[in-house]
Amino acid sequence: MKARADSAPFVRLFGRYLREQGLPVTHQREAVARVVFGSAEHLSVDDIERVLRSEGHRIGKATIYRALDLLVRSKLVAELDFGEGFKRYEHRLSEHPVHEHLICLECGKVTEFESNELYGVENRVRQEHGFQPVRRRLEIYGLCKECHDAGVELPIEGLMCPIETV
Ligand SMILES: [Zn+2]
Ligand SMILES: [Zn+2]
């Protein structure tokens with residue numbers, strides 16, 4: 001797992017948020033926050049539980065879910081749903097706060113990329129539709145390089161013609 005520089009300032013920010021909300025700053029909540037802020041990955045609850053256990057913490061899933069819910073509400077952590085049947089969580093104030101995602105349908109690897117072209121698209125919709133964009137999300141699903149190189153093939157998605165051509 002890719003490690004990120006220093007999670008301590010963000011754990012302190014989260015502690016401040018909890019106090020402002022009148023909520024207790026517990027060791028469990030801080031431990032969950034440290035895992036998310038200390039990783040550059042897009043973590044599932046299972047991933048987080050695994051890291052906590054490897055660090056000797058015994059924190060149940062319900063407590064992890066509750067801590068993540070608070071982290072998302074604090075706006076320090078983003079919740080992502082890539083249609084995998086579970087949510088993923090990522091630090092919102094990472095080195096690249098604005099980025100898009102590539103999701104490998106074979107191995108589940110999530111890769112980040114940045115796209116200046118999307119700013120152009122936002123400008124165009126502003127002009128063509130008088131629409132004011134505030135946020136956006138682009139997810140591209142497919143095969144990562146490793147899976148593609150390994151020869152994995154995916155069925156073509158898209159429209160299937162229901163009419164039999166004779
Ligand atoms: Zn892959
Ligand atoms: Zn990301």
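Procedures and definitions
- Residues numbered from 1 in each chain as written.
- Chains lettered and ligands numbered in written order.
- Predicted model: local features only at pLDDT ≥ 70, side-chain atom pairs only at ≥ 80, totals over all residues.
- Heavy atoms only, no water.
- Donors = N, O, S within 2.8 Å, 3.2 Å for Na, K, Ca; no water.
- Buried < 20%, exposed > 50% of the residue type's maximum accessible area, 1.4 Å probe, protein only.
- Salt bridge = Lys/Arg side-chain N within 4 Å of Asp/Glu carboxyl O.
- Helix = DSSP H or I, 4+ residues; strand = E, 2+ residues; numbered from the N terminus.
- Tetrahedral: all angles 85-135°; square planar, octahedral: opposite > 155°, others 65-115°.

Enquirer: Outline the coordination of the zinc ion (ligand 2), listing residues and values.
Expert: Protein coordination of the zinc ion (ligand 2) is provided by H42 (NE2), E90 (OE), H99 (NE2), H101 (NE2) and E112 (OE), with donor distances spanning 2.0 to 2.3 Å. Taking relative accessible area as the criterion, H101 reaches 5% and is therefore assigned buried.

Enquirer: Explain the pattern of salt bridges residue by residue, including any values.
Expert: Oppositely charged side chains may form a pair once their charged atoms are brought near each other. Summed over all chains, the structure comprises 14 salt bridges. Of the charged contacts in the structure, one is a salt bridge between R73 and D69, with a shortest N-O distance of 3.4 Å. Placement of the pair is R73 and D69 together in helix 4 (residues 61-73), with a separation of 4 residues, close to one helical turn. Given the relative accessible area of 35%, D69 is considered partly exposed.

Enquirer: Break down the coordination of the zinc ion (ligand 1) for me, citing the residues and quoting the values.
Expert: Think of it this way: four donors in a tetrahedron around the metal ideally sit 109.5 degrees apart, and six in an octahedron ideally sit 90 or 180 degrees apart. With distances of 2.3 Å, the protein atoms coordinating the zinc ion (ligand 1) are C104 (SG), C107 (SG), C144 (SG) and C147 (SG). Between the 4 donor atoms coordinating the zinc ion (ligand 1), the angles at the centre fall across 104 to 113°, so the site counts as tetrahedral. In terms of primary sequence, the donors binding the zinc ion (ligand 1) are separated according to C-x2-C-x36-C-x2-C. You can see C104 sitting in strand 3 (residues 100-104) and its partner C144 sitting in the loop between strand 5 (139-142) and helix 6 (145-149), a full 40 residues away along the chain. Take C104: its relative accessible area is 4%, and that puts it in the buried class.

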